[in-house]
Amino acid sequence: MTSRDRIPVTVLTGFLGSGKTTLLNRILSENHGKRIAVIENEFGEVGVDHQLVIGAEEELFETNNGCICCTVRGDLLRILGQLLKRRDRFDYVMIETTGMADPGPVAQTFFLDDDFRNQFVLDAIVTVIDARHIEEHLDRMQEPKEQAAFADVILLNKIDLVAPADLERIERRLRAINGTAKIFRTRNCDVPIDKVLNVGAFDLGRALAVDGAFLEPEYPFEWAGLYELAAGRYTLRTGAEAHAHHAHGHEGRACHDHDHGHAHDHAAGLAIALLPAGGATPEALAAQIEPAVRVFAEDGVRVDCGGVVQAGAGLARIDVGHDGSQFELVVTQPGPYALFCEHAPAEFNLRIDGLQPVAERAFASHHHDDEIASIGLSDPRPLDPKKVNDWLSYLLQSRGADIFRMKGVLNLRGEDRRYVFHGVHMMFDGQLERPWGGAPRQNSLVFIGRKLDRQELEAGFHSCLA
Amino acid sequence: MQAALLEPRARVKLDDYIVDVAWSPDSRALAAIGGEGRVALAQLTGESLTARTLGEHAMGALAVSWQPRSVSAPGDRFATSGQDGALVLWSAADGSELRRWRPAIAATEHVAFRPDGTSLASAAGRTVTLWSATGEKLHELPAAPATVAALAWDKTGRDLAAAVNGGLVMHRFEGPQPTRRLLKWDGAALTVAFSPNGRAVAAGMQDGSVHFWYLATGRDSQMRGYPGRVTQVVWSHNGRYLATGALDTVVIWDFGGKGPEGTRPLQLRGHTDRIETMAFQPAGPYLLTGGRDWRVSLWLPGKATAALDAHLAGAAISAIRWAPDNRHVAVGECEGMLTIYELVAVGR
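Worth saying up front: this structure is predicted, and the values here are computed from it rather than measured.

### Concerning the sheet that holds strand S29 (residues 328–333) of chain B
All names here are of chain B. The strand order across the open sheet built from four strands is S1-S30-S29-S28, with neighbouring strands paired in antiparallel fashion. Single-partner strands in this sheet number two, and they are strand S1 (4–13) and strand S28 (317–322). Looking at each pair of strands side by side, their axes are set apart by 25 degrees on average, direction ignored. With five bridges joining them, S28 and S29 adopt antiparallel strand pairing. Looking at S29, one finds that Arg321 is bridged to Ala330.

### So, the sheet that holds strand S22 (residues 249–254) of chain B
Residue and element names in this part refer to chain B. Pairing within the open sheet is antiparallel, and its four strands lie in the order S20-S21-S22-S23. Two strands bound the open sheet, and with one partner strand each, they are strand S20 (232–235) and strand S23 (266–268). On average, each strand axis in the sheet is tilted by 25 degrees relative to the strand beside it, whichever way the strands run. Relative to S22, strand S21 (residues 241–246) runs antiparallel, the two sharing six bridges. Bridging from a neighbouring strand, Gly245 pairs with Val250 of S22.

### Remarks on the environment of B:Pro196
All names here are of chain B. Here Pro196 lies in the loop between strand S16 (179–194) and strand S17 (200–205). Looking at Pro196, the number of C-beta atoms within 10 Å reads 18, which means it is partly exposed. Taking the C-alpha atoms as reference points, Pro196 and Gly239, 43 residues apart in sequence, are found 5.4 Å from one another.

### Examining helix H3 (residues 103–112) of chain A
Of all 10 residues in H3(A), 10 are buried, a share of seventy percent or more. Of all the positions in H3(A), only A:Pro103, A:Gly104, A:Pro105, A:Val106, A:Ala107, A:Gln108, A:Thr109, A:Phe110, A:Phe111 and A:Leu112 are classed as buried.

### Section: the environment of A:Ala359
Residue and element names in this part refer to chain A. Relative to the assigned elements, Ala359 resides in strand S19 (residues 359–362). Judged by the 19 C-beta atoms lying within 10 Å of it, Ala359 falls in the partly exposed class. Once the C-alpha coordinates of Ala359 and Ala284 are considered, the two residues, 75 residues apart in sequence, prove to be 9.5 Å apart. Once residues lying within four places of it in the same chain are set aside, the contact partners of Ala359 are Leu226, Thr281, Pro282 and Leu285.

### Let's talk about the environment of B:His328
Residue and element names in this part refer to chain B. Note that His328 resides in strand S29. Accessibility expressed as a C-beta count within 10 Å gives 20 for His328, which makes it buried. In this structure, the C-alpha to C-alpha distance between His328 and Pro8, residues 320 residues apart in sequence, is 9.6 Å. Not counting residues within four places of it along the chain, the set of residues in contact with His328 comprises Ser27, Ala323, Ile340 and Glu342.

### Describing the packing of H3(A) against helix H6 (residues 143–150) of chain A
All names here are of chain A. Relative orientation of the contacting elements H3 and H6 amounts to 35 degrees, with a least axis distance of 9 Å. Residues Pro103, Gly104 and Ala107 of H3 form the contact with H6, whose participating residues are Glu146, Gln147 and Phe150. Residues that form the contact of H3 with H6 fall into these classes: three nonpolar, two polar and one charged.

### Details of the nonpolar core
B:Ala31, B:Ala162 and B:Ala163 are the most contacted members of the largest nonpolar core, which has 201 residues in total. If you tally residues by element for this core, the top one is S16(B), at eight residues. Setting aside anything within four residues of it in sequence, one finds B:Ala163 in contact with B:Val148, B:Ala149, B:Ala150, B:Leu168, B:Ala189, B:Leu190, B:Thr191, B:Val192 and B:Ala203. A:Leu229, A:Leu236, A:Val303 and A:Val320 belong to the second largest nonpolar core, which has 36 residues in total.

### What to know about the confidence of the model for chain A
Predicted coordinates in regions of low pLDDT should not be interpreted in detail. Residue and element names in this part refer to chain A. Chain-level pLDDT for chain A is 84 on average; 85% of the residues reach the 70-or-more range. Taking the mean pLDDT of every element in chain A, the minimum, 80, falls on helix H10 (residues 345–348) and the maximum, 96, on strand S8 (residues 153–157). Every residue in residues 242–265 scores below 50 in pLDDT, and together they form 30 contacts with partners more than four places removed in sequence or on other chains.

### A closer look at the pairing of strand S15 (residues 315–318) of chain A
Residue and element names in this part refer to chain A. Two strands pair when backbone bridges link them, and strand S12 (residues 270–276) and S15 are joined in this way by four bridges, in the antiparallel orientation. Within S15, the residue paired with Ile272 across the bridge is Ala316. Here strand S13 (residues 301–303) pairs with S15 via three bridges, running parallel. Counterpart to Arg302 in the pairing with S15 is Arg317.

### Let's talk about the pairing of strand S24 (residues 275–280) of chain B
All names here are of chain B. A large share of S24 lies buried, amounting to six of its six residues. As paired strands, S24 and strand S25 (residues 287–291) are joined by five bridges and run antiparallel to one another. Bridged to Ile275 within S25 is Gly291. Linking two consecutive strands that pair antiparallel, namely S24 and S25, is a turn of six residues.

The rules behind these values
- Residues numbered from 1 in each chain as written.
- Chains lettered and ligands numbered in written order.
- Predicted model: local features only at pLDDT ≥ 70, side-chain atom pairs only at ≥ 80, totals over all residues.
- Pairing = 2+ DSSP bridges.
- Helix = DSSP H or I, 4+ residues; strand = E, 2+ residues; numbered from the N terminus.
- Axes fitted to C-alpha atoms, helices over the stretch in contact; angles between N-to-C directions.
- Buried ≥ 20, exposed ≤ 12 C-beta atoms within 10 Å, placed from the backbone.
- Contact = placed C-beta atoms within 7 Å.
- Nonpolar A, V, L, I, M, F, W, Y, C, P; charged D, E, K, R; others polar.
- Core = buried A, V, L, I, M, F, W, Y, C linked by C-beta atoms within 7 Å.
- pLDDT = per-residue confidence, 0-100.

Below, the structure is given as structure tokens:
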């Protein structure tokens, strides 16, 4: 059997109530011409009669002293084996896992067994997330982190039940966990089918998409806006009306703690800095990034509600522990100023009364609030193939249990083509792909896992430089 | 050395992937079940094989077992089970459904008549049930610790083994109530078979090993080094040889003398793709294997490691079953061809 005969498999994960079944029913009822077999682990929810729906009880086969990297799903081995006996009736498989499932063993089932590798190809892991409850789940449990970390596609679902600012924060947090998944915001899992089927996420032949912003350097701020300020006094505000319809039910409390559990340390205040800029242009804003990084390294001055923030005076940590905080912004020297903010202003409804920024810029979030996170590395310099091999082998051996996914495109010395790889735990697949041609050569690597150490990964990467 | 060949005698094409076949006690009829769910009855008359479809299991048939003939059973029916959860008893005489019932919501994956033909065991998920030959529930056994991957009776019908993740669940039918014990092993058992002499029970494991237990002492042993999960374990009629299969590898363990421990097994060479099925002659030394390489091979374990004979079929081989007459063999292919071969002795 050739590889093109392999049957693609989509793994659908997500908590009970996230909308998994809605998505599944949509996929099955849509007229896409595909005959789809469904392996369902939570019974009785799929309502489409004419499709092949098989129920199963999730069963882990631990094959080597309980090592998570060697664990496969026995029920899938058995049922997919049975499905192969009815090949002409289906050309796609969807596996719906239970809400608490770890996607690792599901993925490994398609890597570990030689026989299965020849018959099936994992297309993508799709994770459906209930935007309304995900922060609470992320704070309390491991499973939603793992499900987000393993995903190739994340549907951030039920967005109509969540305030826009909360959504921004949630998406940033998910992005910090998984730097490479495609995130779609949906109300009722209403995403075009081709975004979740035939994604080819494990197909080395398709270009590995690594989010460019994710590979940017880390900054201690997430947003900057440029304002033209005259000398005088302004009012800087946070909170109030944006929270009036907050989904967490905080209405009616004038001042409250942000008790809904996202992980920013509000007690320390929101770090902001107003830096004088050389002009009112995006370039002038960009020129202040490096100075801002230095300013953000300061301890800063704590400013309580009603206090004074002096433009051009360094780092201020304003108290956003209460809804509707306000501060006096004092400008002595008129001119353009760049306001750098630790978090996106939308999250706190931060604004200067009567003013809009003339230019603004968002920065990728790298706040690894969660134990599970993504780390991206980017470097144009060529690598030594032997050293890369040694390093990746060492990583798989020593850290395989903690690295859920890894992906990369490498610029190898003396090689005209891109070297592309991916991995799930200790499973690894890599090959030479398209030539670089005229494109700038660049190494891009992403690791998604638990307790990853950026310094360690960077040091390992640098040891591979040719 | 004895020498023999397989000669094709008759064939019929069924419009389905042949999942398994079961012979009638008189070796004149066969029940065949298909991946799409078809249940067919084939009749062998001289050199003519005819088949007709009797019915189906929606979404696929999974298991078939023909009632053995004994002083207490006529051997006139067979049972099938399927993805639809149903168990069906079929009349061999007219092909009618004697009884159809649905003991499970999910698939009923295994069905096996007791060797005396008086009762029938089925497994669906973790549930193992014993039914009378007419389909009355006799015992619902305590839920197994994991999904039952295979069922096997010992030759006497006293013990029923269920292969599960974690070892074997052994049910003993002696006295009014069945008793149960676990043969524990930290690994997933995929298939199970009792040696016909009652000495041992062997299991093929997910982790690429064969595990077996001596029934008299409970002592267990492990044989490792397979290239993949062990999907086949079959015993020779006298319990001397255990043939095992993993991917394209057939390994024979010799249980003669002190046993296989510390010995080097024989490896039978010839298959080039995954072995799907194997069967020892019911009262003789020959072994048959069939694989995804479309090949049916005849072996004489202990005497030669090369095949005595091999036939290239028209598609991947999915089922091989010896007839009780010790002479005929049914070979099913994944594209529906059912071929009857005869074992023919050749001059010395």
